[in-house]
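# Results of the structural survey
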Amino acid sequence: MTVLRNGVPQPNEWVRVADDAPLPETDKVIVSLERWQAERVNLRQRNAAIGVALKSEQSPLLIQDDLDRLSLVALEFPKFTDGRAFSHARVLRDRLGFTGEIRGFGQVLRDQYLFMLRCGFDTVEPAAGKRVEGYAEALKEFSVFYQPTNDDRATALQLRHRKEAVAA
Amino acid sequence: MYRYDQFDATFVRERTAQFKGQVARRLAGELTEEEFRPLRLKNGLYLQLHAYMLRVAIPYGELSSKQMRKLAFIARRYDKGYGHFTTRQNIQYNWPRLDDVPAILEHLAEVEMHAIQTSGNCIRNVTSDHFAGVAADEIEDPRVWAEVIRQWSTLHPEFSYLPRKFKIAIIAADKDRAAMRTHDIGLKIVRNAKGELGFAFYTGGGQGRTPIIGPLVKSFVAAEDLLSYLDATLRVYNMHGRRDNIYKARIKILVQALGAEEFGRQVEEEWLRIKDSVLKLPAEEVARIRQYFAPPALEKLPARNEGFEAKKAADPDFARWVQANTDDHKVDGYRIVTISLKPVGGAPGDASADQMDLLADLADAYSLGQIRVTHRQNLVLPYVRQQDLFDLWAKLGSAKLAEANVELVTDIIACPGLDYCNLANARSIPVAQRISRRFSDPKRLAEIGELRLNISGCINACGHHHVGHIGILGVDKKGEEFYQVTLGGSSAEDISLGKILGPAFSLDQITDAIETVVDTYLDLREGPQERFIDTYRRLGIEPFKEKVYDSLKERRSAAE
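The structure presented is a predicted model; accordingly, all values stated were derived computationally and were not measured.

Here we take up the overall build of chain B. A tally of regular secondary structure across chain B gives 18 helices and 21 strands. Overall size of chain B, expressed as C-alpha extent along the three principal axes, is 70 × 60 × 55 Å. Counting over 560 residues, chain B shows a buried share of 63%. The long-range share in chain B, meaning contacts at least 24 apart out of those at least 6 apart in sequence, stands at 68%.

Looking only at helices and strands, chain A has six helices and eight strands in total. In chain A, the order of α-helices and β-strands from amino to carboxyl end is β-β-β-β-α-α-β-β-α-β-α-β-α-α. Its C-alpha atoms put chain A at 65 × 35 × 25 Å along the principal axes. Within the span of chain A, comprising 168 residues, buried residues form 52% of the whole. Considering only contacts in chain A between residues 6 or more positions apart, those separated by 24 or more positions represent 48%. Working note: accessible area of chain A is about 7700 Å², and carbon and sulfur atoms make up 49% of it.

This part takes up the environment of His375(B). Residue and element names in this part refer to chain B. Structurally, His-375 is set in the loop between strand S14 (370-373) and strand S15 (379-385). According to the relative accessible area criterion, His-375 is buried, its value standing at 6%. Distance from His-375 to Ile-91, taken between C-alpha atoms, is 11 Å for residues 284 residues apart in sequence. Ignoring any residue separated from it by four or fewer positions in sequence, one finds His-375 in contact with Thr-87, Gln-89, His-130, Arg-177, Ala-178, Ala-179, Ile-413, His-464 and Ser-491. Among the polar contacts made by the side chain of His-375, one reaches the main-chain carbonyl oxygen of Arg-177 at a distance of 3.1 Å.

A cluster of acidic side chains, namely Asp19(A), Asp20(A), Glu34(A) and Glu57(A), defines a negative patch on the protein surface. Note on placement: Glu34(A) falls in helix H1 (residues 33-38).

Moving on, we get to empty space enclosed by the protein. With the rule as written, the count across this model stands at five cavities of 30 Å³ or more. A volume near 270 Å³ is recorded for the largest cavity. Lining the largest cavity are 24 residues, and of these Asp111(A), Phe115(A), Phe142(A), Gln18(B) and Leu155(B) lie nearest its centre. Sorting the residues of the lining of the largest cavity by element identifies helix H4 (113-119) of chain A together with helix H1 (6-27) of chain B as the ones contributing at least two each. Here the lining of the largest cavity gets four residues from one element, more than from any other, and that element is H1(B). Looking at the lining of the largest cavity residue by residue, the classes come out as twelve nonpolar, six polar and six charged. Shared between two domains, the lining of the largest cavity takes at least three residues from each, and those domains are domain 1 (6-110) and domain 2 (134-290) of chain B. In this structure, the second largest cavity occupies an estimated 150 Å³ of space. Met1(B), Tyr2(B), Tyr4(B), Pro59(B), Tyr60(B), Glu62(B), Gln67(B), Glu112(B), Met113(B), Glu147(B) and Arg150(B) together form the lining of the second largest cavity. Its residues placed into classes, the lining of the second largest cavity shows six nonpolar, one polar and four charged.

What follows concerns the domain arrangement of chain B. All names here are of chain B. Split into domains, chain B comes out as domain 1 (6-110), domain 2 (134-290), domain 3 (306-398) and domain 4 (413-559). On a C-alpha basis, the centroid separation for the pair domain 3 and domain 4 is 27 Å. Facing eleven residues of domain 3, the contacting portion of domain 4 comprises 16 residues. Summing the contributions of domain 3 and of domain 4, the shared interface buries around 1100 Å²; its carbon and sulfur component is 55%. Inspection of the region where domain 3 meets domain 4 yields zero salt bridges.

Now for the interface of chain A and chain B. The extent of an interface is frequently quoted as the accessible surface area lost upon association of the parts. Taken together, the contact between chain A and chain B spans 36 residues of the former and 44 residues of the latter. Together, the buried faces of chain A and chain B total about 3700 Å²; carbon and sulfur atoms form 59% of this surface. Across the chain A-chain B interface, the total number found is ten salt bridges. Its salt-bridge partner being Glu285(B), residue Arg160(A) comes within 3.1 Å of it at the nearest N-O pair. In this assembly, chain A and chain B are joined by 21 residue pairs in polar contact (both at pLDDT 80 or more). At the level of secondary structure, the elements contributing two or more residues to the side of chain A that touches chain B comprise helix H3 (84-95), H4 and helix H6 (156-167) of chain A.

Residues and elements named next belong to chain B. Taken together, five strands build an open sheet; the order of strands is S1-S2-S5-S4-S13 and the sheet is antiparallel. The open sheet is flanked by strand S1 (45-47) and strand S13 (350-352), the only strands paired with a single partner. The sheet shows a mean angle of 30° between the axes of neighbouring strands, direction not considered. As defined by bridge partners, strand S4 (residues 82-85) adjoins strand S5 (residues 91-93) across two bridges and the pair is classed as antiparallel. Each bridged residue has a counterpart across the sheet, and for Phe-85 the counterpart in S5 is Ile-91. Contacts from helix H2 (residues 33-41) reach S1 and strand S2 (52-56), with the element oriented near 130° to S1.

All names here are of chain B. Spatial ordering of the open sheet is given by S3-S14-S15-S12-S11, a layout of five strands whose pairing is antiparallel. The sheet is open, and its two borders are formed by strand S3 (62-64) and strand S11 (326-328), each paired with just one other strand. Sheet twist, expressed as the mean angle between neighbouring strand axes with direction ignored, is 30°. In the sheet, S14 pairs with S15 via two bridges, with the strands oriented antiparallel. Within the sheet, the bridge partner assigned to Arg-372 lies in S15 and is Val-380.

According to UniProt, the positions carrying the feature "domain: Nitrite/sulphite reductase 4Fe-4S" (unreviewed entry) are residues 119-271 and 410-553 of chain B. Within the segment residues 410-553 of chain B, helix and strand shares are 38% and 18% respectively, and the terminal C-alpha atoms sit 26 Å apart.

Residues and elements named next belong to chain B. With 146 residues, the main nonpolar core has Met-68, Leu-71, Phe-85, Trp-145, Ile-168 and Leu-226 as its most contacted residues. Of all the elements, helix H6 (residues 226-240) adds the most residues to this core, at eight residues. When near neighbours in sequence (up to four residues on either side) are disregarded, Phe-85 contacts Ile-58, Leu-63, Met-68, Asn-90, Ile-91, Leu-341, Gly-349, Ala-351, Val-373, Gln-377 and Leu-379.

All names here are of chain B. Tracing the chain through its elements places Leu-98 in the loop between S5 and helix H4 (101-110). A relative accessible area of 12% places Leu-98 in the buried class. Measuring from C-alpha to C-alpha, the distance between Leu-98 and Val-23 comes to 8.0 Å, with 75 residues separating the pair along the chain. With residues up to four places along the chain from it excluded, the contact list for Leu-98 reads Val-23, Leu-27, Phe-36, Leu-45 and Tyr-52.

As a further point, take the packing of helix H11 (residues 316-325) of chain B against helix H13 (residues 389-398) of chain B. Any two packed helices are characterised by how steeply their axes cross, that is the angle between the axes, and by the distance between the axes. Residues and elements named next belong to chain B. Contact pair H11 / H13: the axes reach a minimum separation of 11 Å and the direction vectors enclose 100°. Comparing the axis directions of H11 and H13 gives the class roughly perpendicular. Packed against H11, whose contacting residues are Asp-317, Phe-318 and Trp-321, the element H13 presents Leu-389, Phe-390, Leu-392, Trp-393 and Leu-396 at the interface. Residue composition of the contact of H11 with H13, by class: seven nonpolar, no polar and one charged.

Following the criterion strictly, the structure yields 83 salt bridges over all chains and no others. Taking the shortest distance from any N to any O, the salt bridge between Arg84(A) and Asp82(A) comes out at 2.9 Å. For the pair Arg84(A) and Asp82(A), one class covers both residues: buried. Residue Arg243(B) is joined to Asp82(A) by a salt bridge in which the shortest nitrogen-to-oxygen separation is 3.5 Å. You can see Arg243(B) sitting in the loop between H6 and helix H7 (251-258) and its partner Asp82(A) sitting in the loop between strand S6 (72-77) and H3, one on each of two chains.

Reading the values: the criteria
- Residues numbered from 1 in each chain as written.
- Chains lettered and ligands numbered in written order.
- Predicted model: local features only at pLDDT ≥ 70, side-chain atom pairs only at ≥ 80, totals over all residues.
- Heavy atoms only, no water.
- Helix = DSSP H or I, 4+ residues; strand = E, 2+ residues; numbered from the N terminus.
- Buried < 20%, exposed > 50% of the residue type's maximum accessible area, 1.4 Å probe, protein only.
- Contact = heavy atoms within 4.5 Å.
- Areas by Shrake-Rupley, 256 points an atom, 1.4 Å probe, with all protein chains shown as cover.
- Polar contact = N/O pair within 3.5 Å; in protein donor to acceptor, adjacent residues only side chain to side chain.
- Patch = residues over 30% accessible without salt bridge, like charges linked within 9 Å, V, L, I, M, F, W, Y side chains within 5 Å.
- Salt bridge = Lys/Arg side-chain N within 4 Å of Asp/Glu carboxyl O.
- Lys, Arg positive; Asp, Glu negative; His and termini not counted.
- Charge placed at Lys NZ, Arg CZ, Asp CG, Glu CD.
- 1 Å grid on protein atoms, 1.4 Å probe; cavity = no way out; pocket = protein on both sides within 12 Å on 5 of 7 lines; lining within 4 Å.
- Points joined across faces, edges and corners; volume = space filled by probe spheres on them.
- Nonpolar A, V, L, I, M, F, W, Y, C, P; charged D, E, K, R; others polar.
- Domains from an automatic or database assignment.
- Buried area = accessible area lost by both parts, 1.4 Å probe.
- Pairing = 2+ DSSP bridges.
- Axes fitted to C-alpha atoms, helices over the stretch in contact; angles between N-to-C directions.
- UniProt positions renumbered as here; feature names shortened; annotations may be inferred.
- Core = buried A, V, L, I, M, F, W, Y, C linked by side-chain atoms within 4.5 Å.
- Parallel < 35°, antiparallel > 145°, perpendicular 65-115°, else oblique.

This is the structure:
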């Protein structure tokens, strides 16, 4: 399975483990919210890195007390038109101060990639059969942004007034 | 009006190129139709009954003469020589070819126009009062804030895949000319006790199959907090709005399910977390935008022009047009002119390429090159000197654009209906045409007075039937078109939802039924000053119901 980071396809270092499968000792693993909640005490003590996958109807507030232990939160796009994960990523970053990796997975298109990065996603794992080409190009489609988010891209508004300050 | 700076211009070019790439990927089979559909909708491209339809954004309804000429050019070159102005102050073309669309968008970009977010489940093109900047009763120019919202909402990274479409309207006067409370968010600019400018948020209004008048959710949001409060509202909606049922996915359903108070509490909680963030609106940006809407330097004119008064006295047709189609202006000696796109027997809101070119010329000659589109599908010339009105009227008349019927019964809002739309159950345009022919006598029209008649071809209510003084809804009964009539709706400051009169009428009966409603009103009103809606509110639906169905019975037995 391929993961996209900065538009570039890379091998996936994380293993998604089914709820009824044993956890590999040393791999970086992603478990479902249900498993995390059921085995929380044990999983918190695990040595290797761990992440939790949330379905689009599962709010990140459900894991807010565990974010100190989680290296990754994966947010699902069950359909590419279900945009809840965009808000969930912002809640994770801006409200809950999560600094680990945020991954989008499922039915994603390159046309959403820039939006995802602006909302705080780091990586994208398209569902099997989805194209992984074109993500690097998608990053270059826009140079102007109107909305301030907490990424480091300057908005049109900031650039306008920076320009005026320089001119003055 | 607002002009693009380098950033806006670059942005639109980039969006045009992106869409061109999406079309190419679709044609190459890299995108499925299912994937392409939401992408093309976000750029205003629908697939209708017979062809693609392209809806072009006219932010808050403001157009320059140069832009109008470009719209005429597109109508001529890429369509069948006309365009249709919509209830959201946009224009749509009914016959473009998919492979021409990127070229059309490039033409539009040359005049600072585009089709961004005129459809799809995202924040749509923001609408406003078509008299903004020239109305005597406004406390602020709402265009300044509409432009702030336009920029904030354009390709919003978090809110481009909402549960459903999201419409925002903004007004700044007590008189509501923008149907503000029928929107997902209706904003009214207000001043608080300290005299500071802010916004009242009416959130969760809408039409469609579940019409709801937007409740007041917050009575004052300070100007600098506009974007953070909008962000908080949209975030609550994006996370909690229903996605399991398309008919229950609008924000109005969420607001109703939670109650306006609880919804407001959730927004407040979110807002308090983000209000002091990067979303705080800098005063210098508002000042920058405000410059574009500065009142133009106008000639000093006397309030009363004798030549104009003499022309009115001498020509009753002209006087009737002045009475119906012009409004008081902020500035002495000027009037606001509304040009009716509802000629007798015409399709409401349509304009030909030749008419568009003429309107651009007239705007240059008489109105500082400015034009507005109204949500009632008419056009406005906002700056006309009284002394020019007669010449303007004569020139409009030569192009069949001098119909004196604004806010009268033939000034009909109508959706495209089954003639174009694949959602429709019935045709709208032929009903509008029949009614406008029935009431074509100008004297009778004037005598009836203010009466808003709105027609939708299906329950989605694009023709605003719930909020027409008289509303007509097309329904399908076993493959035949029928029309249900509602009375007593209003989209203005006295907003109300219409009540169903009774069983639906066939296409052959509907014009008679409407005429009986109007005649009943004329019989019952306390005088010409009492509008149709006021008589209805005084007497209720019963007297109308009785007359309409009695006369239907009489006609039936006469026919037998």
